[in-house]
Amino acid sequence: MEHKIKDHSNAAARFLKDEERATWHDETLWFVRSKRDKAAQQLPEWESLREMASGIKAHTLSHLDKYLLAFEAKAKANGVHVHWATDAEEHNRIVYSILAKHKAKNVVKSKSMLTEECGLNHHLESQGISVVDTDLGEYIVQLRKEQPSHIVLPAIHLKKEDVSNTFHECLQTEKNNFDPAYLTNSARIVLREKFLEADAAITGVNFAVAETGSIVICTNEGNADLGVHSAPLHIACMGIEKLIPKAKHLGIFLRLLARSATGQPITSYSSHFRRPRKGQEMHIVLVDNGRTQQLGRKDFKDSLKCIRCGACLNTCPVYRRSGGHSYHNSVAGPIGAILAPNLDMRKNADLPFASTLCGSCTNVCPVKINIHEQLWSWRQILMKEWYGSPAKKASMKAMAFVLSRPRMYKLSGKIGRKIMQWLPGLVNNRLNPWHKNREMPQAPRQSFNEWYEKNKR
Amino acid sequence: MISSREKILKAIRGCELENKHLPSLNFGECKQEDLLAKFSQTLAAIGGRCRKVGGVEQIDAYIQEAGSKYPCIINAVSELRGFNIIDFVNADARTLASTAIFIVRGSVAIAENGAIWVTEKNIGNRSLPFLCQHLIIVVTEEDLVVDMHDAYEKNAIDIDGYGVFIAGPSKTADIEQSLVIGAHGPLSLEVFIIESSSNKP
């Protein structure tokens, strides 16, 4: 299992090999984070919005059964078919059976991290159904047979040259035309045709309102609406944690979502779907897939408040310098690292360690999830359950041994300082993981204790 | 056999969740500001354009001029000349895909984020605001509100079968974070605000 456990750091090391690109990735995401700060600072009530959003989510989660039933009843009264799926497999089966009943062959999908989580595309394609991801970023990664590397900016790991090459190969665009406007327009032409010929549209859900039975979907490109309004069949897939009690609560969440994500005051489209249009059939699939299990974990249930804005990814020094794919999970970054171990502790044991615990994620989270504390809590559990790597366990034991013995601690500090002064080659080498990508600092001549002994009066 | 619905509900009830109260909503003092100026400034920042007009005649004139350039205009605002949405209510998406301009009435315009609430009742056909190449939304000055809370509290948002907040033309920054106006949907958004003193459309 050792290679599995080390996955994130190995993948990050591969990502960092292209230093120029890693720096660009880092700076691009920091730029997005800065836009978020600017947008947040323009609202004096920002902190109280976060507080209210967090409270509304906490309340909804504590009465989730009641709200799910209220939502189901309203949605049914609105003429919507409601399905329940305990896991990814059941979700995929339900979606397929609806499509099969309608003999749907061509499906357009707007961005939905849930269907990524469930592996829906693969399931449908293996049954002969063509699925086109219509968010531009997701379309790009789909053509490249990759996964999104970010929940809001799926192709953030790619440069325009990469997109140009992919489009040239798959859409026959001009070779070496790197103009983002040209590339976007080329995709527009292809995708508008896909919308028109689709037999069904699959969407995710940003918010589901118990009071009205409606769902809200936010996009900048208009792709969810183009798909849903063109096709005779709409299937919306949502995690059960997407519920909020009332329509007026949307005011709070919609003010927070886009500002936290990209620094926009709101997305171009915030669409409220309540009833299917005349002649259309609408389905909502409510998915558990580990969410009730996470709800039962006292230390981690608050992770279900997440509204998938991606702010914690943009600010995370580890995400920015390791890339979304290094997290080997549909949701990357700090939030992904607390959601993933719930789904598979062994496979995702490395992720809570992919953090400096600096707490920046917690500071930007619009629903005030204590992300860095949950990362720390997962580490406790994973080490106890023996999912940590042997090297980490051994070094932690050694550290505990030294730190609990003051004389040993003083002595080893002295030895360490001397080595760094006289034989720097012993620490500045490849075998020392702290030396990777940086020089070791200059060692001080004496410890604070030694200085204090000399200077105290 | 126990259904998935029962399984999920049972799992939630087994979680021993502490009862958390719904927080009371408090949005502070309502800011008194020049809503029109703020709206048009915000709209410009998100790629749209705002024009203040004295009455519907000015919009008529604008559309007439645009009509010489763009032959296919669908108009869903009954007070304007060339009102023709009735012919397209049941049209399929493919028929509508060549729509150059779509004109629709918005019912609430929000100063803080430039979003306009457009509802099914006014659209006529849900596809049109997205399939058209250029979108024109007509609102009256009284429809302006300060923020999202105002929009939800004071107006009947989310009671129709479908409704959407539209904030600017469609856009994307998915290629290297370069903003491109006109993703899959409209390439431009023009908002006409009719001054309060004049006739409402």
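Fair warning: this is a prediction, and the values are worked out from it, not measured in the lab.

With that settled, the discussion passes to the overall build of chain B. In terms of helices and strands, chain B carries seven helices and 11 strands. If you line up chain B on its principal axes, its C-alpha atoms span 65 × 45 × 40 Å. By residue count, 54% of the 201 residues in chain B fall in the buried class. By element, 49% of the accessible surface of chain B is carried by carbon and sulfur atoms, the whole surface being about 8,900 Å². Side chains of chain B carry 19 positive and 26 negative charges; the gap between the two charge centres is 5 Å.

From N to C terminus, chain A includes 22 helices and 10 strands. Scaling as 2.2 N^0.38, a compact globule of 457 residues should have a C-alpha radius of gyration of about 23 Å, and chain A matches this with 25 Å. For chain A, the C-alpha atoms occupy an extent of roughly 85 × 55 × 45 Å along the three principal directions. Taking as baseline every contact in chain A between residues at least 6 positions apart, the subset at least 24 positions apart corresponds to 73%. As displayed, chain A offers around 19,900 Å² of accessible surface, 54% of which is attributable to carbon and sulfur atoms. Taking the average location of the 66 positive side-chain charges in chain A and that of its 46 negative ones, the two points are 7 Å from each other.

Listed per partner, the contact involves 93 residues of chain A and 69 residues of chain B. Overall, the association of chain A and chain B removes approximately 6,500 Å² of surface from exposure, summing both partners, and the carbon and sulfur fraction of that is 60%. Sorting the residues of chain A by area buried against chain B places Arg188(A), Tyr269(A) and His272(A) first, and these three jointly supply 11% of that buried surface. Summed over the shared surface of chain A and chain B, the number is seven salt bridges. Between Glu112(B) and Arg259(A) there is a salt bridge, with the nearest N and O atoms lying 2.8 Å from each other. Inspection of the chain A/chain B interface yields 38 residue pairs in polar contact (both at pLDDT 80 or more). Direction of pairing for strand β9 (residues 269-273) of chain A relative to strand β8 (residues 162-166) of chain B: antiparallel, over a ladder of five bridges. Across the sheet, the residue bridging to His272(A) is Gly163(B), located in β8(B).

Turning to the packing of aromatic side chains, a few remarks are in order. Residue and element names in this part refer to chain A. Under the criterion given, the structure shown has 11 aromatic pairs over all chains. Residues Phe 207 and Phe 253 carry aromatic rings whose centres are separated by 5.5 Å and whose planes lie at 40° to one another, so their mutual orientation is tilted. Here the residue Phe 207 occupies a position in strand β5 (residues 207-209), and Phe 253 occupies one in helix α13 (residues 250-261), the gap between them amounting to 46 residues. Among the residues examined, Phe 253 registers a relative accessible area of 0% and is labelled buried.

Moving on, we come to helix α5 (residues 64-77) of chain A. Taking 1.5 Å of rise per residue, the 14 residues of α5(A) would be expected to cover 20 Å, and the 20 Å separating its terminal C-alpha atoms lies within 8% of that figure. Following α5(A) by one or two positions, Gly79(A) adopts a phi angle in the positive range, close to 90°.

What follows deals with the sheet that holds β8(B). Reading across the sheet, the eight strands line up as β8(A)-β5(A)-β6(A)-β9(A)-β8(B)-β5(B)-β4(B)-β7(B) and stay open at both edges, with mixed pairing between neighbours. The open sheet is flanked by β8 (243-244) of chain A together with β7 (144-145) of chain B, the only strands paired with a single partner. Pairing analysis gives three bridges linking β5(A) to strand β6 (residues 214-219) of chain A, with the strands arranged antiparallel. Bridging from a neighbouring strand, Val209(A) pairs with Ser214(A) of β6(A). Against the sheet, α13(A) contacts β5, β6, β8 and β9 of chain A, and its axis sits at roughly 175° relative to β5(A).

Once that is clear, we can look at the sheet that holds strand β11 (residues 188-194) of chain B. All names here are of chain B. Overall, parallel pairing links the five strands, which are arranged β1-β11-β6-β3-β2 in an open sheet. A strand with exactly one partner marks an edge of an open sheet, and here the two such strands are β1 (49-53) and β2 (73-75). Across the sheet, the mean angle from the axis of one strand to that of its neighbour is 20°, orientation sign disregarded. Sheet topology note: the β1/β11 ladder contains five bridges and is parallel. Opposite Val 53, over in β11, you have Ile 194 as the bridge partner. The sheet contacts of helix α3 (residues 56-69) involve β1, β2, β3 (101-105), β6 (134-140) and β11, and relative to β11 the element is tilted by about 155°.

Right, let's get into the side chain of Thr203(A). Its location among the elements puts Thr203(A) in strand β4 (residues 200-203). Among the polar contacts listed, one links the side chain of Thr203(A) to the side chain of His234(A), at a separation of 2.9 Å.

Let us now look at a nonpolar patch on the surface. Residues and elements named next belong to chain A. A grouping of Met 396, Met 399, Leu 403 and Tyr 409 is seen on the molecular surface, where their side chains present a nonpolar patch of about 430 Å² in accessible area. Top contributing element to the nonpolar patch by residue count: helix α20 (residues 390-403), with three residues. By the secondary structure assignment, Met 396 is in helix α20.

Bringing the nonpolar core into the picture now. Core analysis: the biggest nonpolar cluster contains 156 residues, and Ile215(A) and Phe102(B) have the highest contact counts within it. Among the nonpolar cores identified, the runner-up in size contains 21 residues, and Ile98(A), Leu114(A), Cys237(A) and Val287(A) belong to it.

Moving on to the environment of His149(B). In this structure, His149(B) sits in helix α7 (residues 148-154). Owing to a relative accessible area of 4%, His149(B) belongs among the buried residues under this scheme. With 124 residues separating them in the primary sequence, His149(B) and Leu25(B) have C-alpha atoms 9.9 Å apart. Those residues in contact with His149(B) that sit more than four places away from it in its chain are Leu49(A), Gly251(A), Ile252(A), Arg255(A), Phe27(B) and Lys154(B).

Reading guide: rules and limits
- Residues numbered from 1 in each chain as written.
- Chains lettered and ligands numbered in written order.
- Predicted model: local features only at pLDDT ≥ 70, side-chain atom pairs only at ≥ 80, totals over all residues.
- Heavy atoms only, no water.
- Helix = DSSP H or I, 4+ residues; strand = E, 2+ residues; numbered from the N terminus.
- Buried < 20%, exposed > 50% of the residue type's maximum accessible area, 1.4 Å probe, protein only.
- Areas by Shrake-Rupley, 256 points an atom, 1.4 Å probe, with all protein chains shown as cover.
- Lys, Arg positive; Asp, Glu negative; His and termini not counted.
- Charge placed at Lys NZ, Arg CZ, Asp CG, Glu CD.
- Rg over C-alpha atoms; globule rule 2.2 N^0.38 Å.
- Contact = heavy atoms within 4.5 Å.
- Buried area = accessible area lost by both parts, 1.4 Å probe.
- Salt bridge = Lys/Arg side-chain N within 4 Å of Asp/Glu carboxyl O.
- Polar contact = N/O pair within 3.5 Å; in protein donor to acceptor, adjacent residues only side chain to side chain.
- Pairing = 2+ DSSP bridges.
- Phe/Tyr/Trp six-rings, centres within 6.5 Å; stacked < 30°, edge-to-face > 60°.
- Expected span 1.5 Å × (residues − 1).
- Axes fitted to C-alpha atoms, helices over the stretch in contact; angles between N-to-C directions.
- Patch = residues over 30% accessible without salt bridge, like charges linked within 9 Å, V, L, I, M, F, W, Y side chains within 5 Å.
- Core = buried A, V, L, I, M, F, W, Y, C linked by side-chain atoms within 4.5 Å.

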